[in-house]
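# Descriptive analysis of the structure
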Amino acid sequence: MAETHVLFVEDDDVIREATQLALERVGFTVTAMPDGLSGLEAFRADRPDIALLDVMVPGLDGVSLCRRIRDESTVPVIMLSARADSIDVVLGLEAGADDYVTKPFDGAVLVARIRAVLRRFGHAAGPDGAGQGGAEGDDEALGGVLVFGDLEVDTDGMEVRRAGEQVALTPTEMRLLLEFSSAPGTVLSRDKLLERVWDYGWGGDTRVVDVHVQRLRTKIGQDRIDTVRGFGYKLRG
């Protein structure tokens, strides 16, 4: 089996070298770059399986690099930020990142988060076949296609159409939509979505959920997902 190839962009020499060694010890192949421009070149040349991008790197910052990668690929991206409360975290998620890790981080935690992201990208239909059941109420199930107004979710082909036009979703956005479409009208809490979509068996930052829901809304319609204050979100039938 081919080793997982990680692109790691970090300008701090000590962190870059130590993290590269830690990832290689557990079996990853790592391309480590000190700045955003060399990171973009390496991404285009090597097409890694996952990218770890520090927010504050010279040349082309991590958020801008994430946008460039997302313009070309749905490869999973994890942002690394020195401040958990930084606006950079939200900016990175809005740019298309799938998750983030706060620095300083424990090597074992970073490896666990990488593996969690890779698991969900390798199983886009979601855990336990989520999203493959029929719809309820007025929603119409046609084989593997769930229909919600002008929105069609093909759970077999992993495709989404709105008003007949195909909608491009990242694997994380697709998993999120499958969770909603498997239980239309049911309120799903942020913690439950973190567990099911992000594979967090532990607590996580709910900003990850909020930003991804907003990104999903811009693609499938702002009024398709309702916010239930104090509880979570639900898909309109």
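These numbers were taken from a predicted model, which means no experiment stands behind them.

We now examine the sheet that holds strand β4 (residues 77–81). Pairing within the open sheet is parallel, and its five strands lie in the order β2-β1-β3-β4-β5. One side of each edge strand has no neighbouring strand; the edge strands of this open sheet are β2 (29–33) and β5 (99–102). Each strand axis lies, on average, 20 degrees off the axis of its neighbour in the sheet, ignoring direction. Looking at chain direction, strand β1 (residues 5–9) and strand β3 (residues 50–54) are connected through four bridges and run parallel. If you follow Val6 over to β3, its bridge partner there is Ile50. Packed onto the sheet, helix α2 (residues 36–46) meets β1 and β2 and runs at close to 165 degrees relative to β1.

One can find Thr102 in strand β5. When the C-alpha atoms of Thr102 and Ala82 are compared, they prove to be 5.6 Å apart, with 20 residues separating the residues in sequence.

Tallied over the full model, the rule gives 17 salt bridges. Ionic pairing is found between Arg113 and Asp99, a salt bridge with its closest N-O pair at 3.3 Å. With Arg113 in helix α5 (residues 107–122) and Asp99 in strand β5, the pair connects residues that are 14 residues apart, well separated along the chain. Among the salt bridges present, the one from Asp150 reaches Arg162, with a minimum N-O distance of 3.9 Å. With Asp150 in the loop between β7 (145–148) and β8 (151–154) and Arg162 in strand β9 (residues 159–162), the pair connects residues that are twelve residues apart, well separated along the chain. Judged by relative accessible area, which is 33%, Arg162 ranks as partly exposed. Each of Glu10, Asp54 and Lys103 takes part in a single network of salt bridges with overlapping partners.

Where β8 lies against β9, four bridges are found, and the strand directions are antiparallel. Within the sheet, the bridge partner assigned to Glu152 lies in β9 and is Arg161. Hairpin remark: β8 followed by β9, antiparallel, with four residues in the connecting loop; positive phi at Met158, about 55 degrees. Where β9 lies against strand β10 (residues 165–167), three bridges are found, and the strand directions are antiparallel. Within β10, the position partnered with Arg162 by the bridge is Glu165.

Okay, the pairing of β3 next. Looking down a regular strand, the side chains alternate between one sheet face and the other. Among the five residues that make up β3, five are buried, leaving the element largely enclosed by the rest of the structure. Here β3 shows two buried faces, one formed by Ile50, Leu52 and Asp54 and the other by Ala51 and Leu53. Summarising the sheet, β3 and β4 pair through four bridges and their orientation is parallel. Within the sheet, the bridge partner assigned to Ala51 lies in β4 and is Val77. Crossover connection from β3 via helix α3 (residues 62–72) to parallel β4: handedness right-handed.

Here Ile15 is to be found in helix α1 (residues 13–25). When sequence neighbours within four positions are dropped, the list of residues in contact with Ile15 reads Phe8, Glu10 and Lys103.

Rules and cut-offs
- Residues numbered from 1 in each chain as written.
- Predicted model: local features only at pLDDT ≥ 70, side-chain atom pairs only at ≥ 80, totals over all residues.
- Heavy atoms only, no water.
- Pairing = 2+ DSSP bridges.
- Helix = DSSP H or I, 4+ residues; strand = E, 2+ residues; numbered from the N terminus.
- Axes fitted to C-alpha atoms, helices over the stretch in contact; angles between N-to-C directions.
- Contact = heavy atoms within 4.5 Å.
- Salt bridge = Lys/Arg side-chain N within 4 Å of Asp/Glu carboxyl O.
- Buried < 20%, exposed > 50% of the residue type's maximum accessible area, 1.4 Å probe, protein only.
- Right-handed = clockwise from strand over helix to strand, strands pointing away.

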